[in-house]
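# Working through the structure, step by step
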Amino acid sequence: MQDVLVWVDGRLRGTGDEALSAVDHGITVGDGVFETCGVVNATPFALTRHLDRLVRSAHGLGLSTPDLDLVRTGVAEVLVAAPEATRLRITVTAGPGPLGSARGDGPQTVVVAAGPGARPTAGKVARVPWTRNERSAVAGLKTTSYAENVVALAAAVRAGADEALLANTVGELCEGTGSNVFVEIGGEVLTPALSSGCLAGITRALVLEWGREAGLPVREAGPGELPYAVIDEVVAGSAHLALSGSVRTAVPVVAVDGHEVSPGPLSEQLCAVYADRAAQDLDP
């Protein structure tokens, strides 16, 4: 594993140092929330938006509001110590608890970690047989219960891709394991609506906002507009894909299930608009 600098509850630690209780609920049952930010010149990109979503996810999981002053302290100390980092992760768990699903009443655990992170200039995706449950209790929340994403991404990597594409339970295109998806089709660019069960991605929101301001035809899809089968049209060349994510940023897709595909002109314009606006403001 590449070197990662870790800050836990007020103290900097190395990756090999003891840090969390063995009965922390984030470890035993995945009872926690997290955010991942890209880092530019020792500054986390869109930190305010990420912290807002951290709070929303915590509340959705039934956790109390995280101590954001403590989180910001951790972020600052980690990035002073690791100024070359390009990826930052903030994790808040329910803290120590029983071995079952019930929570304890101890303080939350706050972890900030920083290290290197690859930034591909294009995406390669693969379809996988598993689905997102758009009616799940944690649909749309960024929780540490990430095992299904690990399984799906590993399958995609075995297929020669760097991201998996997931449908939801009613056959709609939903998202990737760590990214949102945009489909260029019929002269516009559509992204699945939040009702599909996808995460309300920070980069997704900025692509929509900045794309509209630039006069590009980008919007959320309506019911039934983006079936999972639209990926067949991408492979056939009549549609195109792009991905968005906090570290990935906004990039076109150049391969689907091992087949080379071409980036769409509108998708490339959207990606260029995002890159230009992101360079102008690190906390939009």
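Report on the accompanying structure. (Residues numbered from 1 in each chain as written. Predicted model: local features only at pLDDT ≥ 70, side-chain atom pairs only at ≥ 80, totals over all residues. Heavy atoms only, no water.)

With that settled, consider the layout of surface pockets. As a volume, the second largest pocket reaches approximately 210 Å³. Along its surface, the second largest pocket is lined by 13 residues, and V40, R119, T249, Y274 and A278 are the ones closest to its centre. Mapped by element, the contributors of at least two residues to the lining of the second largest pocket are β3 (32-40), β14 (249-256) and α7 (265-280). Among the elements that line the lining of the second largest pocket, the one with the most residues is α7, at four residues. Residues belonging to the lining of the second largest pocket are distributed by class as follows: nine nonpolar, three polar and one charged. (1 Å grid on protein atoms, 1.4 Å probe; cavity = no way out; pocket = protein on both sides within 12 Å on 5 of 7 lines; lining within 4 Å. Points joined across faces, edges and corners; volume = space filled by probe spheres on them. Helix = DSSP H or I, 4+ residues; strand = E, 2+ residues; numbered from the N terminus. Nonpolar A, V, L, I, M, F, W, Y, C, P; charged D, E, K, R; others polar.)

Spatially, β2-β1-β6-β5-β3-β4 is the arrangement adopted by the six strands of the open sheet, whose pairing is antiparallel. Of all strands in the sheet, those with a lone pairing partner are β2 (11-13) and β4 (43-44), marking the two edges. Direction of pairing for β3 relative to β4: antiparallel, over a ladder of two bridges. When the sheet's bridge partners are listed, V40 is paired in β4 with T43. Helix-sheet contacts for helix α2 (residues 47-61) involve β3, β4 and β5 (87-93), and the interaxial angle to β3 is about 170°. (Pairing = 2+ DSSP bridges. Contact = heavy atoms within 4.5 Å. Axes fitted to C-alpha atoms, helices over the stretch in contact; angles between N-to-C directions.)

Another aspect to go through is the environment of L266. Looking at the secondary structure, you find L266 in helix α7. Measuring from C-alpha to C-alpha, the distance between L266 and E184 comes to 7.0 Å, with 82 residues separating the pair along the chain. Residue contacts for L266: discarding those within four places in its chain leaves E184, G187, E188, V189, L216 and P217.

As a packed pair, helix α5 (residues 202-213) and α7 sit with axes 9 Å apart at the nearest point and diverge in direction by 100°. Viewed along their axes, α5 and α7 adopt a mutual orientation that is roughly perpendicular. The residues of α7 that touch α5, namely those facing T203, L206, V207, W210, G211 and E213, are L270, V273, Y274, R277 and A278. (Parallel < 35°, antiparallel > 145°, perpendicular 65-115°, else oblique.)

Our next topic: empty space enclosed by the protein. In the structure shown here, the tally under the stated rule is two cavities of 30 Å³ or more. In this model, the largest cavity occupies a volume close to 50 Å³. The wall of the largest cavity is formed by F182, V189, V207, A242, L243, S244, A250, V251, S267, L270 and C271. Elements with a minimum of two residues in the lining of the largest cavity: β13 (240-245), β14 and α7. Of the residues in the lining of the largest cavity, the class split is nine nonpolar, two polar and no charged. Quantified by volume, the second largest cavity comes out at close to 40 Å³. Taken together, C37, G38, F45, H50, I202, T203, L206, S246 and Y274 make up the lining of the second largest cavity. No other element matches α5, which puts three residues into the lining of the second largest cavity. A per-class count over the lining of the second largest cavity returns five nonpolar, four polar and no charged.

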